[in-house]
Amino acid sequence: ERFASKLRLKVNADRITADFQALLRQALLPAKGGLCPVFVEYQNQLARTELTFAREWSVTPSDELLFALSALLGPENVTLHFDHV
């Protein structure tokens, strides 16, 4: 966690279902309260933007978190970035 600079999630509008928000919250909640900020790159057919979650939603990265997010978004859409030491 000390070297993780951010967690980036790519979300395409086509993948969003009615329960997406609840599933994302369920995946993030156990890791909430850490030091790693969460960024979401959201894209639909017309535009793309990057959103930053509030600081209170920073996470403690773990294998469980990455597996849960990968199951929800697809592994290619979950990236943990690290600072160079």
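What comes next concerns the included structure. (Residues numbered from 1 in each chain as written. Predicted model: local features only at pLDDT ≥ 70, side-chain atom pairs only at ≥ 80, totals over all residues. Heavy atoms only, no water.)

Some words on the sheet that holds strand β4 (residues 48–52)
Okay, step 1: The strand order across the open sheet built from four strands is β4-β3-β1-β5, with neighbouring strands paired in mixed fashion. Of all strands in the sheet, those with a lone pairing partner are β4 and β5 (78–82), marking the two edges. Between one strand axis and the next, the sheet turns by 20 degrees as a mean value, whatever way the strands run.
Okay, step 2: Where strand β3 (residues 38–43) and β4 come together, five bridges link them in antiparallel fashion. Residue pairing for β4: Y42 is matched across the bridge by T49.
Okay, step 3: Of the strands in this sheet, β1 (4–12) and β5 are in contact with helix α2 (residues 63–73), which crosses β1 at around 20 degrees. (Pairing = 2+ DSSP bridges. Helix = DSSP H or I, 4+ residues; strand = E, 2+ residues; numbered from the N terminus. Axes fitted to C-alpha atoms, helices over the stretch in contact; angles between N-to-C directions. Contact = heavy atoms within 4.5 Å.)

Brief notes about the environment of V11
Okay, step 1: Examined against the element boundaries, V11 turns out to sit in strand β1.
Okay, step 2: For V11, a relative accessible area of 6% translates into the label buried.
Okay, step 3: Setting aside chain neighbours within four positions, we find V11 in contact with I16, F20, V40, E41, Y42, Q43 and L73. (Buried < 20%, exposed > 50% of the residue type's maximum accessible area, 1.4 Å probe, protein only.)

Considering the nonpolar core
Soluble globular proteins tend to bury their nonpolar side chains together.
Okay, step 1: Grouped together as the largest cluster of nonpolar side chains are 19 residues, with contacts concentrated most on L7, L9, V59 and L69.
Okay, step 2: Elements with a contribution of two residues or more to this core: β1, α1 (20–28), β3 and α2. (Core = buried A, V, L, I, M, F, W, Y, C linked by side-chain atoms within 4.5 Å.)

Examining the pattern of salt bridges
Okay, step 1: For the structure on display, the rule yields two salt bridges.
Okay, step 2: Among the salt bridges present, the one from E50 reaches R8, with a minimum N-O distance of 2.5 Å. Taken together, the positions of E50 in strand β4 and R8 in strand β1 put the pair 42 residues apart, joining distant regions of the chain.
Okay, step 3: By relative accessible area, R8 is classed as buried at 17%.
Okay, step 4: For R48, the salt bridge is made with E41, and the minimal N-O distance between the two is 3.5 Å. (Salt bridge = Lys/Arg side-chain N within 4 Å of Asp/Glu carboxyl O.)

Points about the packing of aromatic side chains
Okay, step 1: Tallied over the entire structure, the rule returns zero aromatic pairs.
Okay, step 2: Positioned above the aromatic ring of F39 is the side chain of K6, whose terminal nitrogen or guanidinium carbon lies 5.0 Å from the ring centre.
Okay, step 3: A cation over a ring is seen here: K32 above W57, with NZ or CZ 4.2 Å from the ring centre. (Phe/Tyr/Trp six-rings, centres within 6.5 Å; stacked < 30°, edge-to-face > 60°. Lys NZ or Arg CZ within 6 Å of the ring centre and 35° of its normal.)

Some thoughts on α1
Okay, step 1: Those residues of α1 that fall on the buried side of the exposure criterion are F20, L24, A27 and L28. Around the axis of α1, the buried residues are gathered within 95 degrees of arc, so they sit on the same side.
Okay, step 2: Looking at the buried side of α1, the elements it contacts are β1, β2 (32–36) and α2. (Arc of directions from axis to C-beta.)

By themselves, these are just geometric observations and shouldn't be taken as functional.
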